[in-house]
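# What the coordinates show
For reference, the chains in residue letters:
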Amino acid sequence: MLNEERPELVADIVAAARADEPSAALEEAAVAGYAAGLTQAALLAACGCALDTVLAGVPEGTDVPADDAIRDLMDRLEGWCPPGAHIEPLPPK
């Protein structure tokens, strides 16, 4: 499970989602992940673990801005976003 293999990545995503400017912080975390050689699938899995973390113990139906920010990042990683907002893997060297 990715959470066990890359807890620092999950922690970085959670911290970025809770930052004052989560969109920019999450984009930075994703770009750093791609720069470190992670795949889109690995980043999406880390986002899933981060969602579990930010929602742990939160009553259902509660608005959690960090949840929304992570889901927005996932959309940007998958390309479900406006043109130009997609965060794509770096080209191979």
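## Side note on the packing of helix H4 (residues 40–55) against helix H5 (residues 65–78)
As a packed pair, H4 and H5 sit with axes 10 Å apart at the nearest point and diverge in direction by 170°. Classified by the angle their axes make, H4 and H5 are roughly antiparallel. Judged by residue contacts, Gln40, Leu43, Leu44, Cys47, Gly48, Ala50, Leu51, Val54 and Leu55 of H4 engage Ala66, Asp67, Ile70, Arg71, Leu73, Met74, Leu77 and Glu78 from H5. When grouped by side-chain class, the residues that make up the contact of H4 with H5 number 12 nonpolar, two polar and three charged.

## Remarks on the side chain of Arg76
Mapped onto the elements of the fold, Arg76 is located in helix H5. Overall, the relative accessible area of 16% leaves Arg76 in the buried class. Separated by 3.1 Å, the side chains of Arg76 and Glu27 make a polar contact. Once residues within four sequence positions are removed from consideration, Arg76 is found in contact with Ser23, Glu27, Cys81, Ala85, His86 and Ile87.

## What about the side chain of Asp67?
Position of Asp67 among the secondary structure elements: in helix H5. Residue classification places Asp67 among the buried positions, given a relative accessible area of 11%. Aside from chain neighbours lying at most four places away, what touches Asp67 is Leu51, Val54 and Leu55.

## So, a negative patch on the surface
Residues Asp63, Asp68, Asp72, Asp75 and Glu78 make up a contiguous surface patch of negative charge. Secondary-structure assignment places Asp72 in helix H5. With a relative accessible area of 46%, Asp72 lands in the partly exposed category.

## Notes on H5
Each full turn of the α-helix corresponds to 3.6 residues, which orients residues three or four apart in the same direction. The first and last C-alpha atoms of H5 sit 20 Å apart over 14 residues, in line with the 20 Å expected at 1.5 Å per residue. On its buried face, H5 sits against helix H2 (7–17), helix H3 (22–35) and H4. Gly79 sits one or two residues past H5 and shows a positive phi near 95°.

## Regarding the confidence of the model for the protein chain
Averaged over all residues, the pLDDT of the protein chain is 91; the fraction at 70 or higher stands at 92%. Considering each helix and strand of the protein chain separately, the mean pLDDT is smallest for helix H1 (residues 2–5), with a value of 49, and largest for H5, with 97.

## Focus on the packing of H3 against H5
The interhelical angle for the contact between H3 and H5, taken along N-to-C directions, is 45°, at an axis separation of 10 Å. In terms of their interaxial angle, H3 and H5 are classed as oblique. At the point where H3 passes H5, the crossing takes the right-handed sense. Of the residues in H5, those in contact with Pro22, Ser23, Leu26, Glu27, Ala30 and Tyr34 of H3 are Ala69, Ile70, Leu73, Arg76 and Leu77.

Criteria and thresholds
Residues numbered from 1 in each chain as written. Predicted model: local features only at pLDDT ≥ 70, side-chain atom pairs only at ≥ 80, totals over all residues. Heavy atoms only, no water. Axes fitted to C-alpha atoms, helices over the stretch in contact; angles between N-to-C directions. Helix = DSSP H or I, 4+ residues; strand = E, 2+ residues; numbered from the N terminus. Parallel < 35°, antiparallel > 145°, perpendicular 65-115°, else oblique. Contact = heavy atoms within 4.5 Å. Nonpolar A, V, L, I, M, F, W, Y, C, P; charged D, E, K, R; others polar. Buried < 20%, exposed > 50% of the residue type's maximum accessible area, 1.4 Å probe, protein only. Polar contact = N/O pair within 3.5 Å; in protein donor to acceptor, adjacent residues only side chain to side chain. Patch = residues over 30% accessible without salt bridge, like charges linked within 9 Å, V, L, I, M, F, W, Y side chains within 5 Å. Areas by Shrake-Rupley, 256 points an atom, 1.4 Å probe, with all protein chains shown as cover. Salt bridge = Lys/Arg side-chain N within 4 Å of Asp/Glu carboxyl O. Lys, Arg positive; Asp, Glu negative; His and termini not counted. Charge placed at Lys NZ, Arg CZ, Asp CG, Glu CD. Expected span 1.5 Å × (residues − 1). pLDDT = per-residue confidence, 0-100. Left-handed = near helix turned anticlockwise from the far one by under 90°.

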